[in-house]
Amino acid sequence: MGIAMEWISASMKAKLISFWRALFRDPIIPFGLVSLVLLVTLAIIPAKDHFSEWRRYQRQYLRLIHDRGDSVTLERHFQGGIRQIWLPELAVADRCQTCHTALGEASLGDVSTQPFRTHSVIPHRLDEFGCVICHRGQGAATTVAEAHHSTLAPEEPLLPARYLEASCGQCHHVALPGTPNLNEGRDLLARRGCLRCHAVRLPDGSRMTPTDNPQPITHIAAKTTREWIYAWLQTPSGYAASSTMPDYQMSEEDARDISAFLIANSEPLSGSSLPTPLAPSKSAPDTAAGATLYRESSCASCHAIGNAANNMVGGDLGQEPAPELAPEPGPELTRIGSKVKPEWLQSWLQDPRTYNSHTLMPRYRWTPQQLRIVSAYVESRTDPELLAHVHLQPATAQQIANGKALVIEYGCAVCHEIRGIPKPEAYAPELSRVGSKPLAQLVFITGMERTLPAYLNGKIRHPQAFGPGLRMPQYTFTSEQADALTTALLSLTDRSFALPSRLQIPAQAVATYQPAGQAGKLMAELNCFACHRINGRGGDTAPDLTWEGSAVQRAWLDAFLKNPYTLRPAMIRHMPKFNLSDSERAELTGYFVTVYQKPDIDRDSMPLSGYSPALVEQGRQLFYSKYSCQSCHMVNTQKDKGSIGPALTNVGSRLNAAWIDHWLKNPQALRPGTIEPNQNMSDGDASALTAFLMAQKSSGAREAKR
Amino acid sequence: MKRLLLILGTLTLTAGCATGCAHQTALAPVLQATATGSTIVESSGGKQLGTPGAMLQQPLVVQVNDAQGNAVTGALVEFRAAEHVTFDPAASLTDSSGQVSTTVTLGGTSGRYELTAASTDKSGKQFDLNITELALGYQTQLGYELDQKYCARCHDQVSTPQRVSNYDNLAVKPPAFTDGDTLNKRSDSDLTAIISHGGPALNRSALMPPYGATLGKPDIQALIAYIRLVSSPPSRIAGLVYARR
């Protein structure tokens, strides 16, 4: 048995050897070769690991810190090998710190070579959020190219630094102080009509809402001529440089037919509330009086006028400090006289709401005489060149019908109310997740950088370049505005929807506060909310009036409404003079004093006068030395100069003592966000200062006392 | 077989050379200086506050002068900076008023950027001008916003129509936040003290109000980071400095 086995194996061996010999002549050489190949193959694996980019960076880093004074600490912090932040809830597995070894090393602030820079200070912890949530890129990759530049199907490259604020916007749907580009971009989306065509849904289910206020064109024939419409449609900027209507680069034929349709379709203004036309004036227009009225009425706060040097003057209410809270500016008036019909202008100035029930323009209470002066003053802004070359033949039925078809095609009714044209739904693609749109779904223009940010930016700046027949019109955005809009769009990501809802900070709900009764109606007519905020609704350019009834004395409020003036010496702008009647003022002051009261301030708990001279003197000391209030306020116009806060010369006739007392102790509790610093004032100091301030009465009030 | 390989190799080589050369000429348009000056001065566009990775709002304009201080036309100016900063154009000849204008795009990180504009005089020696630009990160941006809201009206002498300066009205003059000679001497803890508790905290005027009960700790840190960033001469603790290479 054993012999048989031996014989078989021996003969096998002999056969194999002869086979081998037949193949190669000498057995040693190929054997050596094969083992060598095997060895090299095996060595590749550790060598590849050893020579990998990230190991090289880690060795570089160790060399870099070796000679520094704090090398011991730095070396102790250093962890070799692949480092990973793993946050399953956020779908983050980031290995960036494998190469970016010094992100948290404040003492390496002077190192400027990547990947060893420290991270600038941000309000979040790296180990709670990882890297890719903000920077995008491939967190799990371990080579530079894959981590930073990969554009494979579901993957995305790093977000360019200038759009980085977009990442904050994935969770923060309210404006943050440190993200001006994102805030501006969102504001532009809402103000420039983008949201009228494109829906944007947020992760909490709410929708972004437009805040612009496009004109209805239902009664347009009452307001302007077909010639003006024709010129405007072709080049809106030819009429108003600051126009926010996009340029459709409309052909002469289209403009001819649309203007024909709009005029033919216009409904005459009717109704009992229509203002009665004024009798024509006999005398020549009084330009000086016009200028005075224009100024007193603060028209320039909302309306810009181009001056002789072609600079825009006025209309700057929306420019500071937080544009998103400022009112929408009114239309530019540089060439208004070449646009509107005189009788329309007069009736508009008498009561704007009979023409447009949603307008933001206040209804001034001008006398017929004042109306004539103001409208003549405004009407004198003309441009004889504007329509000099427009000569239109009477419209044909065919042009009118074609105009209607064009109005539907251009989507005019998305923004404007037009009789008989329904508002189109979903006119343009929804943008709720546009910040994660895969490259494969984008059509690039040749020569363009193939990235999502470049695509969005290009589309915003030159939509027509992406192909004829696309419906998006040409806007006039500066390159900063286009960057801001791109930032806002890039914040609308899939990830934003996937992140846990505990991280989402929802946008502030649009406040819908509406004052009641007759006073509420008056406040709507005067559009107080354009500048003032009450109970969370309204603008930021004038004081918050939520607690105005606790703050001011009734007699002062009545006098102020009658003749508004600037409380802040350094402010040029002031509240417009509305010419309210006595009963209207009584209505408003009554409402303010009873309704806008802060419950914990008892107006009657402190007297308006009669404080002891000693207390007043103690207050004076505190005012000028300990608290140095004169750095921002003046009490004595001869001596004090501070011009940041309101002048306090008459404050004892203006404010209630209890309000001053509360204010001094915690101003932000009464008006959140006020810049008056909270001085942690003691009760004793506050009452002495209150006594001193209440002693500052206007001479009129002092005389009345005697 | 061998011949085929040889032909293929030669072809690849020539093709490579050709594209390489074509590339070279495309990259370096030859700019020849037609004149030389002896100094460069900044006309405008330095010390801007920008966004990392974005173009600065204003172009950077420098002027080349000769020894008598007259503007020189046709001098070659080259702009240089650390990597990631780009200039458009990176080199150019001065125009008829002796000026060169370039748009600057900063690198992707916040901090201080040191740029150089260089030219050569008639002996071929280089002379240059250093320019600083600043990129605001999250924290320094916050500091900037807070400065604009709370501090600038006293600490900045410049008035705008929207914001009239209160500087002239103050009996004790506050230092501008760019005043490195004064503020670099203050430690972070001194700055925190005076901002939180007002001037009297450091035996200074009470015209400097306390903000400790109005602003939070991160706000005050942001203000200090911003003050350190904008100071000139630069603060040692200014954080990142991207030195020119």
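Rules used throughout
Residues numbered from 1 in each chain as written. Chains lettered and ligands numbered in written order. Predicted model: local features only at pLDDT ≥ 70, side-chain atom pairs only at ≥ 80, totals over all residues. Heavy atoms only, no water. Helix = DSSP H or I, 4+ residues; strand = E, 2+ residues; numbered from the N terminus. Contact = heavy atoms within 4.5 Å. Areas by Shrake-Rupley, 256 points an atom, 1.4 Å probe, with all protein chains shown as cover. Axes fitted to C-alpha atoms, helices over the stretch in contact; angles between N-to-C directions. Parallel < 35°, antiparallel > 145°, perpendicular 65-115°, else oblique. Left-handed = near helix turned anticlockwise from the far one by under 90°. Nonpolar A, V, L, I, M, F, W, Y, C, P; charged D, E, K, R; others polar. Domains from an automatic or database assignment. Buried area = accessible area lost by both parts, 1.4 Å probe. Salt bridge = Lys/Arg side-chain N within 4 Å of Asp/Glu carboxyl O. Polar contact = N/O pair within 3.5 Å; in protein donor to acceptor, adjacent residues only side chain to side chain. Core = buried A, V, L, I, M, F, W, Y, C linked by side-chain atoms within 4.5 Å. Buried < 20%, exposed > 50% of the residue type's maximum accessible area, 1.4 Å probe, protein only. Disulfide = S-S within 2.5 Å. Pairing = 2+ DSSP bridges. Phe/Tyr/Trp six-rings, centres within 6.5 Å; stacked < 30°, edge-to-face > 60°. Lys NZ or Arg CZ within 6 Å of the ring centre and 35° of its normal. Expected span 1.5 Å × (residues − 1).

**Notes on the overall build of chain B**
No. 1: Counting its regular elements, chain B contains 5 helices and 10 strands.
No. 2: For chain B, restricting intrachain contacts to residue pairs at least 6 apart in sequence, the fraction spanning at least 24 positions comes to 57%.
No. 3: Only carbon and sulfur atoms are counted for the fraction: they give 56% of the accessible area of chain B, which is about 12,900 Å².

**Re the packing of helix 17 (residues 342-350) of chain A against helix 18 (residues 368-379) of chain A**
All names here are of chain A.
No. 1: With their axes 10 Å apart at the nearest point, helix 17 and helix 18 run at an angle of 125 degrees to one another. The angle between helix 17 and helix 18 places the two elements in the oblique class. Crossing handedness for the pair helix 17 and helix 18: right-handed. Each of Pro-342, Leu-345, Gln-346, Leu-349 and Gln-350 in helix 17 lies in contact with helix 18, whose residues at this interface are Leu-371, Arg-372, Val-374, Ser-375, Val-378 and Glu-379.
No. 2: Looking at the contact of helix 17 with helix 18, its residues break down into 6 nonpolar, 3 polar and 2 charged.

**Some points on the domain arrangement of chain B**
Residues and elements named next belong to chain B.
No. 1: According to the domain assignment, chain B contains domain 1 (39-135) and domain 2 (138-234).
No. 2: Facing the 6 residues of domain 1 at the interface are 7 residues of domain 2.
No. 3: Around 530 Å² of area is buried between domain 1 and domain 2 when both sides are counted, 60% of it from carbon and sulfur atoms.
No. 4: There are 0 salt bridges connecting domain 1 and domain 2.
No. 5: Linking domain 1 to domain 2 there are 3 residue pairs in polar contact (both at pLDDT 80 or more).
No. 6: Taken together, the elements giving at least two residues each to the side of domain 1 that touches domain 2 come down to strand 8 (111-120) and strand 9 (126-135).

**Some words on the nonpolar core**
Residues and elements named next belong to chain A.
No. 1: Residues Ile-258, Leu-262, Leu-349, Met-523, Leu-588, Phe-623 and Leu-693 are the most contacted members of the largest nonpolar core, which totals 95 residues.
No. 2: With 7 residues, helix 31 (residues 683-694) is the largest single contributor of residues to this core.
No. 3: Beyond its immediate sequence surroundings of up to four residues, Leu-588 is in contact with Ala-519, Leu-522, Met-523, Leu-526, Leu-561 and Leu-580.
No. 4: With 29 residues, the next largest nonpolar core counts Leu-188, Leu-195, Leu-431 and Tyr-455 among its residues.

**Considering the domain arrangement of chain A**
No. 1: With domains assigned, chain A is organised as domain 1 (2-50), domain 2 (77-158), domain 3 (180-212 + 430-503), domain 4 (220-414), domain 5 (517-595) and domain 6 (603-705).
No. 2: Taken over C-alpha atoms, the centre of domain 1 of chain A sits 49 Å from the centre of domain 2 of chain A.

**A short note on the state of the cysteines**
All names here are of chain A.
No. 1: Tallied over the entire structure, the rule returns 0 disulfides over all chains.
No. 2: Free cysteine: Cys-629, not disulfide-bonded; nearest cysteine sulfur from Cys-632 at 8.8 Å.
No. 3: The exposure class assigned to Cys-629 is buried, which follows from its relative accessible area of 18%.

**Some thoughts on the sheet that holds strand 1 (residues 39-44) of chain B**
Sheet strands pair by backbone hydrogen bonding; their relative direction is either parallel or antiparallel.
Residue and element names in this part refer to chain B.
No. 1: Pairing within the open sheet is antiparallel, and its 4 strands lie in the order 1-3-7-5. Of all the strands in the sheet, just strand 1 and strand 5 (86-88) have a single pairing partner and so form its edges. Across the sheet, the mean angle from the axis of one strand to that of its neighbour is 35 degrees, orientation sign disregarded.
No. 2: Summarising the sheet, strand 1 and strand 3 (residues 60-65) pair through 5 bridges and their orientation is antiparallel. Looking at the pairing, Ile-40 lines up with Val-64 of strand 3.

**A few points about the environment of Thr132(B)**
All names here are of chain B.
No. 1: Residue position: Thr-132 is located in strand 9.
No. 2: In this structure the C-alpha to C-alpha distance between Thr-132 and Glu-114, which are 18 residues apart in sequence, comes to 4.7 Å.
No. 3: The contacts of Thr-132, once residues within four sequence positions are left out, are Gly-46, Lys-47, Gln-48, Arg-112, Tyr-113 and Glu-114.
No. 4: A polar contact of 3.1 Å, which involves the side chain of Thr-132, links it to the side chain of Glu-114.

**Overview of the packing of aromatic side chains**
No. 1: Within the structure shown, the criterion is met by 27 aromatic pairs over all chains.
No. 2: Cluster of aromatic residues (ring-pair linked, three or more members): Tyr513(A), Phe529(A), Tyr591(A), Phe592(A) and Tyr596(A).
No. 3: Positioned above the aromatic ring of Tyr57(A) is the side chain of Arg56(A), whose terminal nitrogen or guanidinium carbon lies 5.7 Å from the ring centre.
No. 4: Taking NZ or CZ as reference, Lys173(B) lies 5.1 Å from the ring centre of Tyr167(B), over its face.

**Let's talk about the pairing of strand 9 of chain B**
Taken residue by residue, a regular strand's side chains alternate between the two faces of the sheet.
Residues and elements named next belong to chain B.
No. 1: A large share of strand 9 lies buried, amounting to 7 of its 10 residues.
No. 2: As judged from the 2 bridges shared by strand 2 (residues 49-50) and strand 9, these two strands associate in the parallel manner. Bridge pairing links Gly-50 to Ala-135 in strand 9.
No. 3: The sheet contact formed by strand 8 and strand 9 spans 10 bridges and is antiparallel. The residue of strand 9 that forms the bridge with Arg-112 is Leu-134.
No. 4: Connecting the antiparallel pair strand 8 and strand 9 is a turn made up of 5 residues, with Gly-124 showing a positive phi of about 85 degrees.

**Quick word on helix 19 (residues 397-410) of chain A**
All names here are of chain A.
No. 1: Compared with an ideal rise of 1.5 Å per residue, which puts 14 residues at 20 Å, helix 19 spans 20 Å between its outermost C-alpha atoms and is within 8% of the ideal.
No. 2: Where the residues of helix 19 are buried, they touch helix 12 (226-234) and helix 14 (252-265).
No. 3: Following helix 19 by one or two positions, Gly-411 has its phi on the positive side, about 75 degrees.

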